[in-house]
Amino acid sequence: MTKYQTLLYYCYSRIENAEQFAAAHLTFCKSLGLTGRIIVADEGLNGTVSGTPEACSKYMEAIHADSRFAHTEFKIDDVETPSFVKMHCRYKAEIVHSGLRDTSIIDPTLRTGKHLEPADFMKMKDSDDVVILDVRSNYEHNLGKFKNAVTLDIENFRDFPEKINELAQYKDKKILTYCTGGIKCEKASALLLHHGFNDVYQLHGGIIKYGKEAGGKDFEGKCYVFDNRIAVDVNSVNPTVVSTCYNCGTISAKMINCANPECNEHITQCDACGEQLQGACSTSCQAHPRKRPYDGTGYYVKVPV
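Computed from a predicted structure; not experimentally measured.

Chemist: Any chance you could break down the nonpolar core for me, citing the residues and the numbers?
Modeler: Counting 30 residues, the largest nonpolar core has Leu 133, Val 135, Phe 160, Leu 167, Ile 175, Leu 192 and Phe 197 as the members making the most contacts within it. Counting only elements with at least two residues in this core, the list comes to β1 (4-12), β2 (35-41), β7 (130-134) and α5 (183-194). Once residues lying within four places of it in the same chain are set aside, the contact partners of Phe 160 are Leu 133, Val 135, Leu 152, Ile 154, Ala 188, Leu 191 and Leu 192. Counting 23 residues, the second largest nonpolar core, distinct from the first, contains Ala 18, Val 40, Leu 45 and Phe 69.

Spelled out as structure tokens, the structure:
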């Protein structure tokens, strides 16, 4: 019997009085006993929440009952324990920080890349006229990515616009973008179209949906997720591990945050180095007076610095 579920979702839809909506939505989530992290902006919702199957069912029903969010698609994982410790629902300028000075140049509700279902993505991805583009950050694609995917040297998605010029060599190709759950691709593909890329697609539902519906074929490594699971398996067809330990270079699929909260670097670290450095990325971080206790997971509830 499923003990808990974790829901991953997003929805681009205009929200009036979004800041007030965020406060009310936090109260609603807490009333259901959910934990998680939700971003509310004028442009929509971006969330991951976790709770009992009953609570998650009521939450999805409430979202779908709101005409603004009726088309929201949830990715559902069964988990042994809740994927968060607390419940946060915050208002921000964007549900995904685009890094654009003028955010009005794109609108995911009006123009984005063509959505590809996982089966169609799998059929297209190996064609000679196709480029698979990973729009995620370095620490994410270092842990796992699609075979032969083009990756970008970015620390955050907000750096993506600065990399558009590097992609100009692929303008005569079909560009297949992908990310964890699909939300970043909505803006990435819209921005590519804005800059003159004509044949742009996006993996609908992202890596998570691809793993559920297409077995994750040819996704190498694990998928980074933004909760206390840190990384999840995707490929049940031809799985492999591609990431290496930040400290010793051995093959390792374990992703952690550095135990020094003033560093908090996302790194892949094997268990041996984790024990030796107590979850720190270096000896200097290990000696830091604010280093958090290491419990073997590498996941820490955020606290003010």
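Text resumes after the structure shown.
Chemist: Now, about the sheet that holds strand β6 (residues 114-116): what can you tell me, with residues and values included?
Modeler: Read from one edge to the other, the open sheet built from four strands follows the order β6-β10-β9-β7, with strand pairing classed as parallel. Looking along the sheet, the strands with just one partner apiece sit at the ends: β6 and β7. Looking at each pair of strands side by side, their axes are set apart by 30° on average, direction ignored. In terms of strand pairing, β7 meets strand β9 (residues 174-178) through five bridges, oriented parallel. Residue Val 130 lies in a different strand from β9, and its bridge partner there is Lys 174.

Chemist: Quick rundown of the pairing of strand β4 (residues 75-79)? Include the residues and the values.
Modeler: On β4, burial follows the alternation: Lys 75, Asp 77 and Val 79 on one face are buried, whereas Ile 76 and Asp 78 on the facing-out side are not. Pairing of β1 with β4 involves five bridges; the strand directions are antiparallel. Residue pairing in the sheet places Gln 5 in a bridge with Asp 78 of β4.

Chemist: Just give me the short version of the state of the cysteines, but keep the residues and values in it.
Modeler: Under the defined criterion, the tally for this structure stands at zero disulfides. No disulfide involves Cys 11; its sulfur sits 14 Å from the nearest other cysteine sulfur, which is in Cys 89. For Cys 11, a relative accessible area of 1% gives the class buried. We note that Cys 179 lacks a disulfide partner, and the nearest cysteine sulfur, in Cys 185, lies 3.6 Å from it. In this structure Cys 179 comes out as buried when scored by relative accessible area, which is 1%.

Chemist: Can you tell me about the environment of Phe 74, naming the residues and giving the values?
Modeler: With respect to the helices and strands, Phe 74 occurs in the loop between α2 (53-65) and β4. Look at Phe 74 and you get buried, because its relative accessible area is 12%. In this structure, the C-alpha to C-alpha distance between Phe 74 and Leu 8, residues 66 residues apart in sequence, is 5.7 Å. What Phe 74 contacts, discounting residues up to four positions off in sequence, is Leu 7, Leu 8, Tyr 9, Tyr 59, Met 60, Ile 63 and His 64.

Chemist: Explain the pattern of salt bridges residue by residue, including any values.
Modeler: Taken as a whole and assessed by the stated rule, the structure comprises 20 salt bridges. The closest approach of N and O atoms between Asp 233 and Lys 222, which form a salt bridge, is 3.6 Å. Linking Asp 233 in the loop between β13 (231-232) and β14 (255-257) with Lys 222 in the loop between β11 (219-221) and β12 (223-224), this pair joins segments that are 11 residues apart in sequence. The exposed category is assigned to Asp 233, whose relative accessible area is 64%. A relative accessible area of 25% places Lys 222 in the partly exposed class. For Lys 254, the salt bridge identified is with Asp 271, shortest N-O distance 2.9 Å. With Lys 254 in the loop between β13 and β14 and Asp 271 in helix α7 (residues 271-277), this residue pair connects regions lying 17 residues apart in the sequence. For Lys 254, a relative accessible area of 22% translates into the label partly exposed. Where salt bridges share partners, they join Glu 73, Glu 117, Lys 209 and Glu 213 into one cluster.

Criteria and cut-off values
- Residues numbered from 1 in each chain as written.
- Predicted model: local features only at pLDDT ≥ 70, side-chain atom pairs only at ≥ 80, totals over all residues.
- Heavy atoms only, no water.
- Core = buried A, V, L, I, M, F, W, Y, C linked by side-chain atoms within 4.5 Å.
- Buried < 20%, exposed > 50% of the residue type's maximum accessible area, 1.4 Å probe, protein only.
- Helix = DSSP H or I, 4+ residues; strand = E, 2+ residues; numbered from the N terminus.
- Contact = heavy atoms within 4.5 Å.
- Pairing = 2+ DSSP bridges.
- Axes fitted to C-alpha atoms, helices over the stretch in contact; angles between N-to-C directions.
- Disulfide = S-S within 2.5 Å.
- Salt bridge = Lys/Arg side-chain N within 4 Å of Asp/Glu carboxyl O.

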